[in-house]
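Next come the chains, spelled out residue by residue.
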Amino acid sequence: MIKIKDLEKIYRTEEVETVALNKLSLEVKEGEFVAVMGPSGCGKSTLLNILGLLDDPDGGSFMFNNIEVAHFNERKRADLRKHNIGFVFQSFNLIDELTVFENVELPLIYTGVKSAERKKRVEEVLDKMQIMHRRNHYPQQLSGGQQQRVAVARAVVNRPKLILADEPTGNLDSSNGNEVMQLLTDLNEQGTTIVMVTHSEHDARYSHRIIRMLDGQTVLENIMV
Amino acid sequence: MFRNYLKTAIRNLWRNKTATGINLLGLTTGLTCCLLIGLYMQHELSYDDFQSKGKRIARVIMEYTFGADVTRGNFTSTKVAPTFSRTFSEVESAIRMTQTTKVVQYGDKSFVEKKFMYADSTFFDIFSFKLLEGDPRQALMYPKNVVLTKSVAKKYFNNQSPVGKTLKVGTDGVDYLVTGVMEDCPSNSQMRFDMLASFSTLGVNQEVTYTNANYTTYLLLKDKNSFDGLQTKIDNYFKEENAKSNDPFKVTFILERFDKIHLHSPYEGFEPNNSITYIYIIAAVALLIMAIACFTYINLSTARSVERAKEVGIRKVIGAMKGQIFGQFVGESILLTLTSLVLSIGFVMLLLPWFNDLTNKQLSIASLATPFVIAFTLIIVVCIGLLAGSYPALVLSAFQPIRVLKGSFKNTGTGLLLRKSLIVFQFVISVFLIVGTFIIQSQLHYIQSKKLGYDREHVVVMPLDMKIMKVLPVLKSEFTAGSDVLSVARATNLPTHIYGGYSMNRPGLPEGTEIMVTANPVDEEFVKTVGLEIIAGSDFTRQDMEDVMHEEQEKKIYHYILNESAAKEMGWTPEEAIGKKMFLGDMRPGYVRAVVRDFHFTSLHNPIKPLVLFTEDWGRYILAKISGKDIPGTLARMESAWKKLVPHRPFEFSFLDEEYNNMYSAELRIGKVLNIFAAIAILLACLGLFGLSSYSAQQRMKEIGIRKVLGASVAHIITILSKDFIKLALIATLIAFPFAWWMGNKWLQDFTYRVNVSWWIFLVAGSLAVIIALVTVSIQAVKAALANPVKSLRSE
Ligand SMILES: Nc1ncnc2c1ncn2[C@@H]1O[C@H](COP(=O)(O)OP(=O)(O)OP(=O)(O)O)[C@@H](O)[C@H]1O
Ligand SMILES: [Mg+2]
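Residues numbered from 1 in each chain as written. Chains lettered and ligands numbered in written order. Predicted model: local features only at pLDDT ≥ 70, side-chain atom pairs only at ≥ 80, totals over all residues.

Bringing the overall build of chain B into the picture now. Per the secondary structure count, chain B includes 25 helices and 22 strands. Here the C-alpha coordinates of chain B stretch approximately 105 × 60 × 55 Å along the principal axes. Within chain B, buried positions represent 41% of all 796 residues. Here the contacts in chain B between residues at least 6 apart in sequence split such that 81% fall between residues at least 24 apart. (Helix = DSSP H or I, 4+ residues; strand = E, 2+ residues; numbered from the N terminus. Buried ≥ 20, exposed ≤ 12 C-beta atoms within 10 Å, placed from the backbone. Contact = placed C-beta atoms within 7 Å.)

In structure tokens:
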């Protein structure tokens with residue numbers, strides 16, 4: 001599903017150049033659950049952003065479903081993204097002005113799903129995330145774990161093939177964190193490919209494979225059994 | 001999708017109550033001003049539109065040349081209309097008109113009709129006034145026929161039909177037969193008479209001369225494109241005519257387009273004209289105010305973009321396209337402007353009576369309720385929404401989602417330069433309007449305080465007609481019986497505006513030379529009553545008046561008082577002039593009694609020209625100088641004398657200083673309007689500044705907190721927060737000055753007598769702008785500086 005080769009990302013500011021990704025190569029197969037680990041500043045988020053078509057690389061190749069997407073313009077990336085990729089962030093990133101239901105509904109609106117169908121699918125996924133009773137609440141009225149469940153619900157409502165999660169449990173206590181990990185595992189078992197950045201060895205153990213990064217390169221891969 | 005946008009828009013607007021409030025207030029005020037001004041302009045621009053033949057009608061302006069002196073005027077003699085109809089094939093028909101004041105009586109009802117019009121029988125053919133009763137061809141056919149407007153008919157006859165009845169018109173009660181009733185003249189008509197009588201009634205239907213010019217002439221052309229052709233023919237015709245006679249007095253005529261009179265003509269019509277310049281000024285002011293409101297919106301929205309950044313980032317990650325985000329924010333601003341529109345329509349309805357008073361109009365919001373205007377307004381509102389919303393939308397929709405969501409997003413100068421420029425621009429507009437207002441006000445003050453060479457305080461003005469003339473001596477003695485009436489005079493023109501055109505001559509000048517001069521028939525109390533300063537000779541005497549009261553013209557001896565300019569024109573020093581023989585017009589032999597100091601006898605737009613006051617036993621006004629100690633008491637006493645001696649006419653009076661101010665009604669009005677709108681502009685600019693400074697203080701809460709923890713004083717923090725804004729206000733002031741100076745001078749150029757634009761106006765305007773900015777900004781700065789730092793740090 002994902003095949004990247006010699007990927008480069010360099011941040012330039014007035015004084016310094018930071019090489020965030022240094023000729024990184026990586027492959028993720030369909031249905032895999034991959035965890036990315038490494039010290040702070042090693043380029044994990046950068047990698048995830050490129051995988052999620054939120055950012056473009058400065059060099060190298062990026063095949064998404066056998067299509068070269070490294071050179072895609074913003075419009076094409078946005079189009080590909082909204083149909084194929086769901087995101088879960090450490091800080092939830094829910095829209096404060098929208099209710100739980102409306103937040104989850106949003107991706108469906110942007111992909112042009114009809115209103116009746118939207119309602120059905122949102123309710124379905126809220127039900128699955130056990131947050132149905134909170135559908136008319138605003139994000140501020142929810143606990144962190146509940147907010148992250150909403151975020152996961154929003155990420156999966158469009159039935160994406162790939163879910164990218166950047167430290168999804170980073171702001172949660174262990175029991176809420178485990179709950180979210182269980183959700184991701186369930187999704188993976190139903191066929192969704194997952195790439196997750198984490199600092200927690202415990203969370204990483206939910207995955208099939210751990211990629212360890214250092215200074216913008218992969219240094220080690222552990223295959224979980 | 002749309003519902004979702006609407007929902008977020010409403011919630012967003014609701015959540016940011018301060019910003020929304022400021023924007024709503026700004027946009028509503030802007031739109032209210034625009035709507036009011038729009039109503040006003042619509043009315044002004046629609047003048048005479050209802051005249052279906054308006055494009056084919058010409059007003060005839062007379063141009064008379066005397067030596068090097070060329071004068072133009074809107075009055076023509078009775079000869080023009082018949083001569084032109086006959087001579088020029090382009091003319092389909094012509095009409096002569098004149099408007100006067102008449103006392104009209106029916107049964108026991110009697111009123112003074114100030115708008116009593118006389119017109120030729122072609123009236124209803126040329127003009128599109130609707131006749132409700134009567135025959136348009138016949139109504140003005142015979143002498144002493146009169147057509148009434150609907151509301152006047154009601155005044156005299158209630159609901160009875162007046163046609164066939166007779167009214168008693170004038171002081172001698174001549175019977176006029178009512179031959180028709182017409183619709184009231186529309187408010188946007190350059191003639192708005194109440195009664196319309198046949199021109200033949202006047203008995204002046206002669207073709208002797210072009211120089212007895214007291215009437216207005218209009219021509220109806222066969223073809224609306226024949227103005228230029230006809231003008232050439234007229235020029236040639238009068239070139240020949242003038243060549244034939246050896247009269248030094250030359251005359252020709254100029255055609256003026258009827259539909260351009262109200263806004264473009266320097267010559268008055270039956271109703272006061274307006275000037276297209278003032279229409280432009282007021283339209284510009286409306287646009288500037290709207291611009292200020294839009295800029296405030298843009299400023300606040302871009303400044304707040306950091307807050308909105310997270311939302312945009314998330315929407316983009318989830319799949320929103322740039323265009324969708326753009327649409328969302330533009331939608332928000334259009335929603336806001338539409339809300340403002342609804343509010344401002346409410347305000348317009350509330351303010352309309354006041355605005356009508358200000359502009360002296362009867363506008364109604366109903367005139368806006370046409371499909372075209374509604375569609376137009378909606379389009380404009382959407383445009384404003386687009387204009388105000390699209391820049392913030394552009395900025396916001398271009399956010400890179402990852403940068404935003406990573407939290408590394410800072411408002412790194414996004415739109416900072418633009419924001420600063422817009423603040424500067426708002427203040428440029430404000431300072432410009434402040435200076436403009438000051439210049440206009442100081443000229444108006446100058447006009448009002450100007451020593452005119454006569455005393456217009458405490459002079460009561462009353463009308464005079466033939467009947468009153470007979471009792472004038474008794475009336476005078478009744479008036480002056482009390483010590484509160486100092487003197488009573490009679491005059492044909494008021495000293496505020498003397499316009500009678502004559503020519504003068506003296507023995508010793510070559511045969512045929514005649515010097516153009518303005519002259520005013522007066523009596524022996526005139527100089528005293530209006531307080532003219534005699535610099536040589538002495539005032540008219542009772543005997544001087546007796547000298548002109550002979551039945552036979554040949555026995556009359558006239559007496560003259562010249563102003564300095566007239567004496568100079570005659571080639572005399574003031575002292576030399578006394579006792580000299582001179583003539584006014586062809587006859588009127590007489591002697592110079594005195595020379596008075598030059599005084600302003602027309603508007604300050606014009607220079608002082610030669611003037612002659614001469615003895616004559618008629619006039620149109622009674623002037624009474626009163627002590628001013630107990631004005632109501634004095635007036636009551638005068639009224640009772642009047643009622644006793646002048647039963648045919650109610651006691652109507654005005655004050656000379658009012659008459660004077662009336663000459664500047666356009667300027668006074670524009671002055672008032674500008675005052676108000678300048679104040680609104682400044683308020684709106686401050687509102688924007690207030691919003692922005694409160695926002696910037698809020699954004700810098702953490703910084704302020706840290707600074708305070710480290711020991712910064714309140715004063716220091718206020719300085720930090722206000723410095724930038726004050727700098728901007730200063731820059732704006734400097735930019736605005738040259739523009740304001742240039743425009744002010746251009747406006748003043750219309751006045752021959754005017755103030756100089758002095759440096760203090762700029763100093764005051766500049767300081768005012770900066771002080772206002774300072775106060776506005778420091779309210780926020782002080783609040784921020786006094787806040788408890790622990791709070792702001794913890795909330796981070
Ligand atoms: N916008 C940027 N401009 C400049 N440098 C950047 C930018 N974003 C990231 N970097 C740099 O790129 C490198 C990789 O950053 P990245 O956010 O990918 O690290 P990370 O592995 O996700 O770290 P963490 O575990 O702390 O989240 C870092 O050295 C960082 O300083
Ligand atoms: Mg990271």
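Take the site of ligand 1 next. Contacts to ligand 1 come from twelve residues, most closely from A:Y11, A:S40, A:K44, A:S45 and A:T46. The environment around ligand 1 is built from residues contributed by chains A and B. When residues of the shell around ligand 1 are traced back to their parent elements, those giving at least two are β2 (17–28) and α1 (44–51) of chain A. A class-by-class count of the residues in the shell around ligand 1 yields three nonpolar, eight polar and one charged. (Near = placed C-beta within 6 Å. Nonpolar A, V, L, I, M, F, W, Y, C, P; charged D, E, K, R; others polar.)

On average, residues of chain A carry a pLDDT of 89, and 100% of them reach 70 or more. The secondary-structure element of chain A with the lowest mean pLDDT is strand β10 (residues 217–223) of chain A, recorded at 81, while strand β8 (residues 193–197) of chain A shows the highest, at 95. (pLDDT = per-residue confidence, 0-100.)

Residue and element names in this part refer to chain A. Read across the sheet, six strands follow the order β6-β7-β8-β3-β9-β10 without closing on themselves; strand pairing throughout is mixed. On the outer flanks of this sheet lie β6 (85–89) and β10, each paired with one strand and no other. Strand-to-strand twist of the sheet, defined as the mean angle between neighbouring strand axes without regard to direction, takes the value 20°. Running at roughly 150° to β8, helix α6 (residues 174–189) makes contact with β3 (33–37), β7 (162–166) and β8 of the sheet. (Pairing = 2+ DSSP bridges. Axes fitted to C-alpha atoms, helices over the stretch in contact; angles between N-to-C directions.)

Now for the interface of chain A and chain B. The figure often quoted for interface size is the accessible area lost as the parts come together. Between chain A and chain B, the contact holds 18 residues from the first and 17 residues from the second. Elements with a contribution of two residues or more to the side of chain A that touches chain B: α2 (74–84), β6 and α3 (100–110) of chain A. A breakdown of the residues in the side of chain A that touches chain B according to their chemical character gives ten nonpolar, three polar and five charged.

This next bit is on the nonpolar core. Judged by nonpolar contacts, the single largest core of 160 residues is most densely connected at A:A153, B:I289, B:I292, B:F427, B:V431, B:V435 and B:A681. Excluding residues within four positions of it along the chain, B:V431 makes contact with B:A732, B:T733, B:A736, B:A765, B:G766 and B:A769. Counting residues in each nonpolar core, the second largest holds 56 residues, with B:Y558, B:A566, B:V595 and B:I626 among its members. (Core = buried A, V, L, I, M, F, W, Y, C linked by C-beta atoms within 7 Å.)

A few words on the pairing of strand β3 (residues 91–106) of chain B. Residues and elements named next belong to chain B. Two elements, β3 and strand β10 (residues 216–221), share six bridges in a ladder whose sense is antiparallel. Paired with I95 across the bridge in β10 is Y218. Across nine bridges, the pairing between β3 and strand β4 (residues 109–119) is antiparallel. When the sheet's bridge partners are listed, Q105 is paired in β4 with S110. Linking β3 to β4, which pair antiparallel, is a turn of two residues; within it G107 sits at a positive phi near 60°. Here β3 pairs with strand β7 (residues 166–169) via two bridges, running antiparallel. Residue pairing across strands places Q105 opposite K168, the latter belonging to β7.

On to the pairing of strand β21 (residues 621–626) of chain B. Residues and elements named next belong to chain B. Within β21, five of the six residues are buried, which leaves the element mostly enclosed by the surrounding structure. Here strand β12 (residues 459–463) runs beside β21; their pairing, made up of five bridges, is antiparallel. For P463, the partnering residue across the bridge sits in β21 and is Y621. Two strands pair when backbone bridges link them, and strand β13 (residues 485–491) and β21 are joined in this way by six bridges, in the antiparallel orientation.

Along the chain, the position of B:P371 falls in helix α11 (residues 371–397). C-beta crowding within 10 Å serves as the criterion here: with 7 such atoms nearby, B:P371 is assigned to the exposed category.

Before going further, it helps to examine unusual backbone geometry. All names here are of chain A. Phi is positive for K23, which is not a glycine, with a value near 45°. The topology assignment puts K23 in strand β2. Of the residues examined, K23 has 13 C-beta atoms within 10 Å and is grouped as partly exposed. Its identity as a non-glycine residue notwithstanding, E167 has a phi of 45°, on the positive side. One can find E167 in the loop between β7 and α6. Exposure remark for E167: the 20 C-beta atoms within 10 Å place this residue in the buried category.

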